[in-house]
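Below, each chain spelled out in residue letters.
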Amino acid sequence: MAEVIDLKRRKSKDRRIAEGRARRRAQAVASSLSCGMCPRRCAHCGLAVEYTAPPPVDAPYPFCEVCQEEYEAFRRWEKGEEPEAFWHTDEWGEAWRAWLAHMRAGEAFRSSPAFLRLMEEHLE
Ligand SMILES: [Zn+2]
């Protein structure tokens, strides 16, 4: 009898540990996907931004002034215009492309049923 109770306690403890681990993983997933979503921080560099005017309509995310300039330069560069700075290289363009793709993938995942279920089941 004592062995049965001991086994039940052990299973209960194992379940609590597994639930705690699942909750921490869900929190990590949520944290990683909330990066770039704060309207008062530049989505690209993370600096605090204070808009005195509404952000430009073609800004897909809240950018600080410098990142907005770089984003617009990237858009022009992508259309085939001449690089505006020495660092506007293929690697720079690929970094912007990859960052934008990363942000779009995060948005898609955040609106997926699996993500909503993860948040409902593992976050309080
Ligand atoms: Zn910035």
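Note: the structure precedes this text.
The residue numbering used here restarts from 1 in each chain and proceeds along that chain's sequence as written. In keeping with the model being predicted, local features are shown solely for residues with a pLDDT of at least 70 and side-chain atom pairs are shown and tallied solely at 80 or more, while totals for entire chains, interfaces and linings include all residues. The side-chain figures draw on all heavy atoms in the structure; neither hydrogens nor water molecules are used.

Undergrad: Describe the pattern of salt bridges, with residues and values.
TA: Counted as salt bridges are all cases of a side-chain nitrogen of Lys or Arg within 4 Å of a carboxyl oxygen of Asp or Glu. Per the stated rule, a full pass over the model turns up six salt bridges. One salt bridge in this structure joins Glu 19 and Arg 15, with 3.7 Å as the shortest N-O distance. With Glu 19 and Arg 15 both in helix α1 (residues 2-34), this residue pair falls four residues apart, about one helical turn. Ionic pairing is found between Glu 121 and Arg 117, a salt bridge with its closest N-O pair at 2.6 Å. Residue Glu 121 and its partner Arg 117 are located together in helix α4 (residues 113-122), separated by four residues, close to a single helical turn. Whether a residue is buried, partly exposed or exposed follows from its accessible area with a 1.4 Å probe, protein chains only, as a fraction of its type maximum: under 20%, in between, or over 50%, in that order. Residue classification places Glu 121 among the partly exposed residues on the basis of a relative accessible area of 47%. Here the salt bridges share partners, and the residues they tie into one network are Glu 78, Glu 94 and Arg 97. In this description a helix means any DSSP run of H or I spanning at least four residues, a strand means any run of E spanning at least two, and both kinds are numbered starting from the N terminus.

Undergrad: Explain the packing of aromatic side chains to me, using residue names and the numbers behind them.
TA: Only Phe, Tyr and Trp rings are paired, with Trp represented by its six-membered ring, and only when their centres lie within 6.5 Å; those with planes under 30 degrees apart are stacked, over 60 edge-to-face, the remainder tilted. One pass over the full model with this rule turns up twelve aromatic pairs. Summarising the aromatic geometry, the rings of Tyr 61 and Trp 99 are spaced 5.5 Å apart at their centres and angled 80° between planes, so their arrangement reads as edge-to-face. Taken as a pair, Tyr 61 in the loop between α1 and α2 (65-78) and Trp 99 in helix α3 (residues 90-110) lie far apart in primary sequence, 38 residues in all. Residue Tyr 61 is classed as buried on the basis of its relative accessible area, which comes to 8%. Between Trp 96 and Trp 99 the ring centres are 5.7 Å apart and the planes differ by 85°, which places this aromatic pair in the edge-to-face class.

Undergrad: So what's going on with the coordination of the zinc ion? Residues and values would help.
TA: The protein atoms donating to the zinc ion are Cys 42 (SG), Cys 45 (SG), Cys 64 (SG) and Cys 67 (SG), with metal-donor distances spanning 2.2 to 2.4 Å. Because water is not among the atoms used, a metal site may look incomplete, as its donors are only the N, O and S atoms within 2.8 Å, or 3.2 Å for Na, K and Ca. Angular criteria define each label, namely tetrahedral for four donors with all angles between 85 and 135 degrees, square planar for four and octahedral for six donors with opposite donors over 155 degrees apart and remaining angles between 65 and 115, and irregular for whatever fails these tests. Angles of 102 to 116° at the metal separate the four donor atoms of the zinc ion, which places the site in the tetrahedral class.

Undergrad: Kindly report on the nonpolar core, identifying the contributing residues and their values.
TA: Counting 17 residues, the largest nonpolar core has Tyr 61, Phe 63, Trp 96, Trp 99 and Leu 100 as its most contacted members. Contributing elements (two or more residues each) for this core: α2 and α3. Residues within four places of Trp 96 in sequence aside, it is in contact with His 44, Phe 63, Cys 67, Glu 70, Tyr 71 and Phe 74. Here, nonpolar core refers to any group of buried Ala, Val, Leu, Ile, Met, Phe, Trp, Tyr and Cys residues whose side-chain atoms link them within 4.5 Å. Ranked by size, the runner-up nonpolar core spans five residues in total, among them Ala 26, Ala 30, Leu 33 and Met 119. Any two residues whose heavy atoms approach within 4.5 Å at even a single point are treated as in contact.

Undergrad: I'd like to hear about the environment of Arg 40, residue by residue, with values.
TA: Inspection of the secondary structure puts Arg 40 in the loop between α1 and α2. Arg 40 sits 32 residues away from Lys 8 along the chain, and the two C-alpha atoms are 49 Å apart. Setting aside its immediate chain neighbours within four residues, Arg 40 contacts Leu 47, Ala 48, Val 49 and Glu 50.

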